[in-house]
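Coordinate analysis (summary)
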Amino acid sequence: MITIRTDHFSLDQICRSGQCFRMERTESQAGEEGESYEIIAGYHYLRASQKGEECLLYCSPEEFQYFWKGYFDLENDYDAYISRIDPRDTYLLHAAETGGGIRILRQDLWEMIVSFLISQQNNIVRIRRCIRNLCETYGERRMTEEGKEYFGFPGPEILAGLEEDGLMACNLGYRSKYVVRTARSVASGETDLERIRKLPYKKAREELLGLFGVGEKVADCICLFALHHLEAFPVDTHISQALSAHYKRGFPKRRYRGFQGVLQQYIFFYELTKEKP
């Protein structure tokens, strides 16, 4: 078990931030305090709990060092980002105060491509259900040391052999053809994910836009949540409404160059969770 005590880290906010879809609130086990969560990333499984600033990760020190420490971006100083917000921008300050426990996760590129293809014209609850169906149908079944069953995320070679409408049974609807065609492109070598991982933001974004079904918002989500290009600034309905209401001249990306995506998450979470008039 690993104990984390750090500023700007909230499992609850990360879970609800719309960047990951295989992290869920669970019932606390005997002796646990605070809120408990289950996180599945690729074929990695983690149980975690948090009360206040103290977070417990139920994994070995070795697994924490080589995977979860990087996954949660724990070595990055998020206070440095928040401290650079324009003090006159009360809207952004409120957003950062509301969602300041969010961190930009370092997630798997293939998993994020599929997840955000599925996310189009969809809500978070339905996206989670679609991905759960996909993993339980095509992912490899695994067991934790405690006997908990879970399923890994299916690789492109598994999905590439399906008919284009083969994932409609997993409730993907028209997005089935997006995922299957992209899986075929990756499995055949036409799309080289390793090469994309090494590209700078603009070139990686351009490559992703070449995938069937990937538009600008999806490409930016993949760049931000898989490739950790913090300059990516995905614009969905929530962000578009916020920009229209608070940034008539556009969001000041130049002022926040290099970490615009962190601020985007604060805005997204704020718009998602604030009480509507």
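Up top is the structure.
Quick summary incoming for the structure in this document. (Residues numbered from 1 in each chain as written. Predicted model: local features only at pLDDT ≥ 70, side-chain atom pairs only at ≥ 80, totals over all residues. Heavy atoms only, no water.)

**Focus on helix α11 (residues 216-225)**
For an α-helix, the turn length of 3.6 residues means that residues three or four places apart are oriented alike. Counted only if it meets this: The buried label applies to any residue whose accessible area, calculated with a 1.4 Å probe on protein chains only, is under 20% of its type's maximum; exposed applies above 50%, and partly exposed to all values in between. Every helix listed is a DSSP run of H or I at least four residues long, and every strand listed is a run of E at least two residues long, numbered separately from the N terminus. The contact rule is simple, with two residues in contact once any of their heavy atoms fall within 4.5 Å.
A large share of α11 lies buried, amounting to eight of its ten residues. Listed as buried for α11 are Val218, Ala219, Asp220, Cys221, Ile222, Cys223, Leu224 and Phe225. Summarising the contacts, the buried residues of α11 are in contact with α5 (109-118), α10 (201-209) and α13 (260-273).

**Looking at the nonpolar core**
We apply this condition: For our purposes a nonpolar core is just a set of buried Ala, Val, Leu, Ile, Met, Phe, Trp, Tyr and Cys residues, chained together by side-chain atoms within 4.5 Å.
By size, the foremost hydrophobic cluster in this structure holds 71 residues, and its most contacted members are Ile118, Leu167, Leu208, Phe251 and Tyr266. Counting residues per element, this core draws most heavily on α5, at eight residues. Excluding residues within four positions of it along the chain, Leu167 makes contact with Leu134, Tyr138, Leu159, Leu162, Leu172, Ser176, Val179 and Val180. Counting residues in hydrophobic clusters, the runner-up holds 23 residues, among them Ile2, Ile14, Cys55 and Phe72.

**What about the packing of α5 against α11?**
Inclusion rule: Here an angle of 0 to 180 degrees is reported between the N-to-C directions of two axes, which are lines fitted to C-alpha atoms, with helices fitted over the stretch in contact. Note that the term roughly parallel is reserved for angles under 35 degrees, roughly antiparallel for angles over 145, roughly perpendicular for angles of 65 to 115, and oblique for everything else. Handedness of each helix crossing follows the sense of rotation of the near helix against the far helix: counterclockwise by less than a right angle gives left-handed, clockwise gives right-handed.
Across the interface, α5 lies against α11 with an axial gap of 9 Å and an inter-helix angle of 150°. Comparing the axis directions of α5 and α11 gives the class roughly antiparallel. When the axes of α5 and α11 are compared, the crossing they make is right-handed. For the pair α5 and α11, the contacting residues are Leu109, Met112, Ile113, Phe116 and Leu117 in the first and Val218, Cys221, Ile222 and Phe225 in the second.

**Examining the pairing of strand β4 (residues 44-51)**
Operational definition: If DSSP finds at least two bridges between two strands, the strands pair.
Among the eight residues in β4, six count as buried, and that is most of the element. With seven bridges connecting them, strand β3 (residues 35-41) and β4 associate as antiparallel partners. Bridging across to β4, Glu38 finds its partner in Arg47. Hairpin connection of β3 to β4: two residues between the antiparallel strands, including Gly42 at a positive phi of 65°. Hairpin connection of β4 to strand β5 (residues 54-58): two residues between the antiparallel strands, including Gly52 at a positive phi of 65°.

**What to know about the packing of α10 against α11**
Basically, it comes down to this: Lys, Arg, Asp and Glu make up the charged group, whereas Ala, Val, Leu, Ile, Met, Phe, Trp, Tyr, Cys and Pro make up the nonpolar group; the residues left over, Gly among them, are polar.
Orientation of α10 relative to α11, taken along the N-to-C sense of each, is 130°, at an axis distance of 9 Å. Here α10 is positioned oblique relative to α11, judged by the angle of their axes. Helix-helix and strand crossings are classified by hand; for α10 and α11 the assignment is right-handed. Side by side, α10 and α11 meet where Tyr201, Ala204, Arg205, Leu208 and Leu209 of the first sit next to Glu216, Ala219, Asp220, Ile222 and Cys223 of the second. Grouping the amino acids of the contact of α10 with α11 by side-chain chemistry returns seven nonpolar, no polar and three charged.

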